[in-house]
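Fold and contact review
Chain residues, written in single-letter form:
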Amino acid sequence: MANKFEIRIRHKKCRTKSEILIKSRRLLRNLFFNLTSNFSLLTSFFTLSIFYFLLPTSYLYSQTGWGPDVRLTYYVRATAYQPRIALSEDTIHVVWYENWIDTIEHMEVMYKRSPDRGETWTQDTILSPLAPGASYMPVIAVSGSVVYVFWNEDVGDSVLYTRSTNSGREWNIPKTLSSSGFVVDIEVSGDSVFVYWGTTTAAYLSISTDCGFSWLPAQQVPKNRAGFTDDIAVHLPFLHLVYGGTTSPADIYYKHSTNIGQNWCDSIMLSVNDIWTGQYPSITVDRDSNIYVDWWDYKNSPYAWTGSIFFRRSLDNSASWDTIQNITTLYRARLSHIAVFENDVHVVWLDQRDYPGSPFDSFEIYYRYSSDRGNSWGPETRLTDDPNDSQDARLAVNSTGVYLVWADNRDLDSAGRGYEVYFKRGEHEPGGIISNNRETSPQFFRIYPNPSFGLVGCNTQVLDEGRCIIEVFDIEGRKVWSCICDNTPKGVVWDGRDRKGKEVRTGVYFIRLRTGKNNYQQKVVLLRGGRP
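So, about the nonpolar core. Formed by 20 residues in total, the largest nonpolar core has its most connected members in Ile470, Trp481, Trp494, Tyr509 and Ile511. At the level of elements, strand E31 (456-459), strand E32 (468-473), strand E33 (479-485), strand E34 (492-494), strand E35 (507-514) and strand E36 (519-526) are the ones that each hand at least two residues to this core. By residue number, the principal contributor to this core is E33, which donates four residues. Residues in contact with tryptophan 494, not counting those within four places in the same chain, are Gly454, Leu455, Val456, Val472, Val480, Trp481, Val504, Tyr509, Ile511 and Leu526. Core analysis: the second largest hydrophobic core is formed by 17 residues, Leu72, Ala80, Val94 and Val405 among them.

Printed below as a string of C-alpha cells:
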C-alpha cells in the first residue's frame, strides 16, 4: 500500500520521476517554511506538554482577590463596636453599636446598607430608641427583602428587635422579644426566624414562622446557661449549636435538634479534653447538611493571650466528625469566624504575628480558604495592614463574592476618635477539586481535543446528575469562563475566550465540572498562533 506521501504526490498527477522530484522538493521547502514560521508555536507546544504532565490536576487553587479597605463610619467623638453583616444577592446589610457623648452618653444600634456589593452605601440609620438606656450587641439576618435585627437593651435587660420588609429602606418600630435576658444569635430560613437567647441560668429558642409577625412560645434548650459566644446554624429540620464549656480548662461542645428545637441530642465534645482552653466557636452548614466548626484554642501555645484556630467538620450531618485540623501557624491567632458557600469554606481571625509585643492591641485580620470543604487549604493571607488594631472580624459569602466587616482604630487621634467600621470585598473565584470518592477521569468528564487550537469540547453525557456548572480557570486560579448547562449528550464547547469574549492566551487551563454532589476536573493545553 502506498504511504500518504506517495498518495499525495500521485494526487498531483506527477507522471515522471523528475516531476516527482520537483514536487517533493517543493513540498519539503513548504514544510520547512511552515515549521520555521511556527517555531515559537512548536516551542510553546513542547514546553506546555512537559508542563502539562508535570502539573497535577489538583494544583489549581483559587485565589480570592480582595479589594481595598473601605471606611463605613466617620465619627468625631464616638466608637463603633461589633459590626455584623448579612447578604441578600447584591445587597449588603451591616449593623453595629455605637457609643458617643453629647449632653449624655449614648449607646445605640446603627445600620447601613449597600445595594451594589459595596460600591455605594447609604447614610447611617439609628435602629434603637435614643433614650433611655443603652442598646448593644446587635445580630442581623436577612431572607430576601426582609431584614431582621435583634439587640440587647440594658433597661430591664431585655431583648428588642426590629425588621424591614423592603431591604432596609424603612424599619418598623422596635418591639420586645423578651423582657429579660440577652440575645446571642439569629438564623433565618425562608419565612422562619430562629432567635437563640438566654439568661445566666438558661438558654432559649424563639421561633417565628411568619417573618416575625408572631412568635411561638420560647423553647428551653437543654443547657445550663446561654453564653455570648454560643453560635447556631440552621438547615431545616436540623438546628445546630456550638458552645464553650463553663469549667476551666474549657472545651468546645456541639448538639443538635432534628425537629426544629423540640428535642435536642446529648452534647458532643469537639475539642480534645486536655489542659488547654478552647473558646469562641463558630458554626456554619452548607446546602448538603455538611457542618463546619472553628474555634480559638490555646493548645501548645507559648503565649498567654493567643493560640491557634482549629477546624473540624462533619460530612454526614453530625453522625461522625473528621479529625481536628490546626489551620493557623505561629500561635498568634484569636477570635475566628467561619462561612461557607457550596464547597468553599472561608475563615477569618485576628492575628498578632506582625506585632508580637503587646497582648492587648495591634492585631491584624488574616484569612484562609478551602475550595474542597476543608480537605486542603490555601495560604494564610493578611487582609489588613495598619499600625493600630483590628477587631471583631465577620464574614459573609454568597454567589456574588466574599464580604468582610470589622472594627478598626487606625483613625484613632487626640480628638477622641475610636474604632470605626470598615468593609472589604473579595472577588471569590472557586477552585480546587473534590472527588467525593470519584476519580477525576475521562470516564466521568472528557475534554477534547487536547491540546486544542481554539475550541474545547466538554463531554458530560455519562453523568446523570441534572444541571451542572462548567468553569475554566487559568493556572493562577482565575476564572476565565463558565456556563450553566443541563446534562445533554452533546456536552458543551468552550471557544477559547474569556467572559468578555476576548481570546485567552496560550497555556495550560483547568476545566472543572461542578454538580450538586461532586466536582470533576481536567487539564487542557490551549495553543494560539495557528496550527503547526
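Moving on, there is more to tell.
Below, the discussion takes up the side chain of glutamate 98. Its location among the elements puts glutamate 98 in strand E4 (residues 91-101). This buried residue, glutamate 98, is left without a salt bridge; lysine 112 holds the nearest opposite charge, at 9.5 Å. Within the structure, the side chain of glutamate 98 is placed 2.4 Å from the side chain of tyrosine 75, a separation counted as a polar contact. When sequence neighbours within four positions are dropped, the list of residues in contact with glutamate 98 reads Tyr75, Ala78, Thr79, His106, Met107, Glu108 and Met110.

Read from one edge to the other, the open sheet built from four strands follows the order E11-E12-E13-E14, with strand pairing classed as antiparallel. What marks the edges here is a single partner per strand, and that holds for strand E11 (182-189) and strand E14 (219-221). Here the strands of the sheet are splayed against their neighbours by 25 degrees on average, with no regard to which way each runs. Sheet topology places strand E12 (residues 192-198) next to strand E13 (residues 203-208); six bridges connect them, and they run antiparallel. Bridge pairing in E13 links tryptophan 197 to tyrosine 204.

Across the nine residues of strand E23 (residues 333-341), seven count as buried, placing the element largely inside the fold. Here E23 pairs with strand E24 (residues 344-351) via eight bridges, running antiparallel. Looking at E24, one finds that alanine 339 is bridged to histidine 346. Between E23 and E24, which pair antiparallel one after the other, the connecting turn spans two residues, and glutamate 342 there sits at a positive phi close to 55 degrees.

Before going further, it helps to spend a moment on the pattern of salt bridges. One pass over the full model with this rule turns up 20 salt bridges. For the salt bridge of aspartate 274 with lysine 299, the shortest nitrogen-to-oxygen distance reads 2.7 Å. Of this pair, aspartate 274 sits in the loop between strand E18 (268-269) and strand E19 (278-285) while lysine 299 sits in the loop between strand E20 (291-297) and strand E21 (308-314), placing them 25 residues apart in sequence. For arginine 497, the salt bridge is made with glutamate 503, and the minimal N-O distance between the two is 3.8 Å.

Attention now goes to the environment of threonine 460. Along the chain, threonine 460 turns up in the loop between E31 and E32. For the pair formed by threonine 460 and leucine 513, sequence separation is 53 residues and the distance between their alpha carbons is 8.5 Å.

Two strands in a sheet stick together by hydrogen bonds in their backbones, pointing the same way (parallel) or opposite ways (antiparallel). In spatial order, the strands read E15-E16-E17-E18; together these four strands make up an open sheet with antiparallel pairing. Across the chains shown, the open sheet's two edge strands, defined by having one partner strand only, are strand E15 (231-235) and E18. As judged from the six bridges shared by strand E16 (residues 238-244) and strand E17 (residues 252-257), these two strands associate in the antiparallel manner. Counterpart to valine 242 in the pairing with E17 is tyrosine 254.

Only a minority of non-glycine residues have a phi that is not negative, and only a minority of peptide bonds are not trans. Following serine 248, the chain continues into proline 249 via a peptide bond in cis, with omega recorded as 0 degrees. Within the secondary structure, proline 249 is located in the loop between E16 and E17. With an omega dihedral of 10 degrees, the bond running from asparagine 450 to proline 451 counts as a cis peptide bond. A positive phi angle, close to 60 degrees, is found at serine 167, a residue other than glycine. Examined against the element boundaries, serine 167 turns out to sit in the loop between strand E9 (158-164) and strand E10 (175-178). Judged by relative accessible area, serine 167 falls into the buried class, the value being 13%. Here cysteine 211, not a glycine, exhibits a phi torsion of approximately 60 degrees, which is positive. Within the secondary structure, cysteine 211 sits in the loop between E13 and E14.

By the definition in use, this model includes two cavities of 30 Å³ or more. In this structure, the largest cavity spans a volume of roughly 60 Å³. Looking at the largest cavity, the residues that line it are Phe194, Tyr196, Leu205, Val221, Ile232, Ala233, Val234, Leu239, His240, Leu241 and Trp264. At the level of secondary structure, the elements contributing two or more residues to the lining of the largest cavity comprise E12, E15 and E16. Within the lining of the largest cavity, the residues separate by chemical class into ten nonpolar, one polar and no charged.

How each quantity is defined
- In this numbering scheme, every chain counts its residues from 1 along its sequence in written order.
- Per-residue local features of the predicted model are confined to residues with pLDDT of at least 70, and side-chain atom pairs are confined, for both listing and counting, to 80 or more; whole-chain, interface and lining totals are unaffected and use all residues.
- As a rule here, side-chain values cover all heavy atoms of the structure and leave hydrogens and water aside.
- Put simply, a nonpolar core is a bunch of buried Ala, Val, Leu, Ile, Met, Phe, Trp, Tyr and Cys residues held in one set by side-chain atoms that sit within 4.5 Å of each other.
- Residue exposure (1.4 Å probe, protein chains only): buried if accessible area is under 20% of the type maximum, exposed if over 50%, otherwise partly exposed.
- Helix numbers and strand numbers start at the N terminus; a helix is a DSSP run of H or I with at least 4 residues, a strand a run of E with at least 2.
- Throughout, a residue-residue contact means that at least one pair of heavy atoms, one from each residue, lies within 4.5 Å.
- The convention is simple: Lys and Arg are positive, Asp and Glu are negative, and His and the chain ends are not counted.
- What counts as a salt bridge is simple: a side-chain nitrogen of Lys or Arg found within 4 Å of a carboxyl oxygen of Asp or Glu.
- Two N or O atoms form a polar contact when they lie within 3.5 Å of each other; inside protein one atom must be a possible hydrogen donor and the other a possible acceptor, and for residues adjacent in sequence the pair counts only when both atoms belong to side chains.
- Any two strands are treated as partners once DSSP identifies two or more bridges connecting them.
- Axis definition: a line fitted to C-alpha atoms, limited for helices to the stretch in contact. Angles are taken between N-to-C directions and run from 0 to 180 degrees.
- Buriedness of a pocket was judged along seven lines, with at least five required to meet protein on both sides within 12 Å; pockets are open sets of points on a 1 Å grid over the protein atoms alone, cavities are sets where a 1.4 Å probe fits but cannot get out, and lining residues have an atom within 4 Å of a point.
- Grid points are joined across faces, edges and corners, and a volume is the space filled by probe spheres set on the points.
- We call Asp, Glu, Lys and Arg charged. Ala, Val, Leu, Ile, Met, Phe, Trp, Tyr, Cys and Pro are nonpolar, and the rest, Gly among them, are polar.

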